[in-house]
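A structural walkthrough
Read off the chains here:
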Amino acid sequence: MTHVVVLGAGYAGLGAAIQLGVRTKRRGDVRVTLVNAQERFTERLRLPMTATGQEVAELDIPELLAGTGVEFVRGWVTAVDADAKTVRVDDDRVLPYDMLVYGLGSAADTSAVPGADEHAYSLSGAQDAESLAGRLKRLESGTVVVAGSGLTGIESAAEIAERYPALEVVLMGRQEPGAAMNAKAKAYLRSALERLGVQVRAGVEVVKVLPDAVELAGGEVVAADAVLWTSGTRVSPLAAAAGLTVDERGRVVTDGTLRSVSHPEVYAVGDAAAITQGYGVMHGTCQSGMPTGVHAALSIERVLKGKRAKDFRFGYYHTPVSLGRGDAVVQFTHPDDSARRIYLTGRLAVRYKETVTAAPWPTFGRMKKMPASGAIWPRGGRFTRAGR
Ligand SMILES: Cc1cc2nc3c(=O)[nH]c(=O)nc-3n(C[C@H](O)[C@H](O)[C@H](O)COP(=O)(O)OP(=O)(O)OC[C@H]3O[C@@H](n4cnc5c(N)ncnc54)[C@H](O)[C@@H]3O)c2cc1C
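Numbering of residues starts from 1 in each chain and follows the order in which that chain's sequence is written. In view of the model being predicted, local features appear only for residues whose pLDDT reaches at least 70, and side-chain atom pairs are presented and counted only at 80 or more, with totals across whole chains, interfaces and linings using the full set of residues.

In the annotation of an unreviewed UniProt entry, the entry for the protein reads NADH dehydrogenase, FAD-containing subunit, and the organism field reads Amycolatopsis xylanica. Quoted verbatim from the Sequence similarities (unreviewed entry) field of UniProt, the annotation for the protein is "Belongs to the NADH dehydrogenase family." Of the protein, the UniProt comment under Cofactor (unreviewed entry) reads exactly: "FAD". UniProt positions are given in the numbering used here, feature names are shortened, and annotations may be inferred rather than shown by experiment.

See the structure below:
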């Protein structure tokens, strides 16, 4: 019996577990266990909605896994022993594995500046989003500072400004919002933020979060009744502590087939993995995370059959950004994630964004009957071809 343990039931880990369960069920000599902190699937793409008190669907992981043969373990992974090939869950349970899929995702990097961990809210998980929702509900007036002008910051600032027009929302960060978009899409995004009343302060660096303010490089202090930290991401320290080869950000370094370069029985997927393509090391997104999970399962299936696993190839294709519930902008991209000329705005973009956000769960459901349906994604053409 080969025991495959999948850590993390996010977009990547859940895809890996379902694919492995369904694809190996008939063999009878493979056991698949999925470990995750919660039974409810966290739709991270909807966390800005949760943070503003909007209802999102209750998606139950054990229910989804019914019929796949995957055993679900609810618990917090506290250690991986890569030599003994065991995983410790909640400090009181030890799971041995023959093969491991490491997909513990990422969280907002609240360690980046002093005070962020203690005084700022984040959108790393549903609980964080719910605490911010509680704070916003109690605030009748005042200022909310959203620190970090990347996509999570933009979506959150827009959602808060739309839901709570009495609050002053300040979006601040080093870069201009939508910096990676083409000029027209960026201008649209900027005017949408203005229409919603979001004050944008680009080119600033938050160096400290205080209980009721943020401090900027240069000494300026901006008063804040709530601070949301969205700048940067960090990964769990478990991989590094286990002795797996990790990059400077703690992500597991993989080979082309998504196998750890130091521990061949470990595969890494999603935000927790450092995966190199022809255009560079991939950055974490849902659009790329799901394919990595599926591919890791395909690699393991091939290895178990005594075949050579194939290299993973992926090209980005879009950056959909919600601007509250009534507006959005979708920047289409080249496989290396650079902006193309085409983009969508307004109602069409809202529909596109909602379709993309809602897609993962039904896709997981389809994979149970037709695993091959989950293995369709853009491979990146010449951008990811070997020897480019
Ligand atoms: C607010 C926000 C909006 C986003 N919007 C977009 C978007 O529009 N498009 C896009 O492509 N990407 C978006 N992203 C990025 C996307 O959500 C991530 O890239 C994606 O979630 C990565 O998938 P994953 O499976 O690697 O990790 P995750 O989805 O983070 O899943 C990791 C899972 O592991 C569990 N876990 C972690 N540590 C432990 C532990 N020690 N023990 C047990 N369980 C553990 C977590 O609870 C979670 O269930 C957004 C992210 C955020 C935060």
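Still to come is the rest of the account.
What follows covers the overall build of the protein. Secondary structure follows DSSP: runs of H or I at least 4 residues long count as helices, runs of E at least 2 residues long count as strands, and numbering of each begins at the N terminus. If you tally the helices and strands in the protein, you get 11 helices and 24 strands. Here the C-alpha coordinates of the protein stretch approximately 60 × 45 × 35 Å along the principal axes. Exposure in this text rests on C-beta crowding, where 20 or more other C-beta atoms within 10 Å of a residue's own make it buried, 12 or fewer make it exposed, and counts in between make it partly exposed. The C-beta atoms are placed from the backbone. In the protein, buried positions account for 48% of the 388 residues. At a minimum sequence separation of 6, the contacts of the protein that also span at least 24 residues come to 65%. Here contacts are defined at the residue level, using C-beta atoms placed from the backbone and a cut-off of 7 Å between them.

For the protein, the assigned domains are domain 1 (2-105 + 236-315 + 360-383) and domain 2 (110-229). Contact residues are listed per partner, giving eight residues for domain 1 and 14 residues for domain 2. Tallied by class, residues from the side of domain 1 that touches domain 2 come to four nonpolar, four polar and no charged. Boundary definitions for the domains trace back to an automatic or database domain assignment. Classes in brief: Ala, Val, Leu, Ile, Met, Phe, Trp, Tyr, Cys and Pro nonpolar; Asp, Glu, Lys and Arg charged; the others, Gly included, polar.

Any residue qualifies as near a molecule or strand once its backbone-derived C-beta atom lies within 6 Å of it. Neighbouring the ligand are 34 residues; G8, G10, G105, G270 and T285 lie closest to it. Elements that contribute at least two residues to the shell around the ligand include exactly α1 (11-24), β2 (30-36), α2 (47-50) and α9 (286-304). A breakdown of the residues in the shell around the ligand according to their chemical character gives 15 nonpolar, 17 polar and two charged. Both domain 1 (2-105 + 236-315 + 360-383) and domain 2 (110-229) contribute no fewer than three residues apiece to the shell around the ligand.

A positive phi is found at D91, a non-glycine position, where the angle reads about 60 degrees. Positive phi, close to 85 degrees, is recorded for L258, a residue that is not glycine. Mapped onto the elements, L258 comes out in the loop between β17 (252-253) and β18 (266-268). What makes L258 buried here is the crowd of 28 C-beta atoms within 10 Å.

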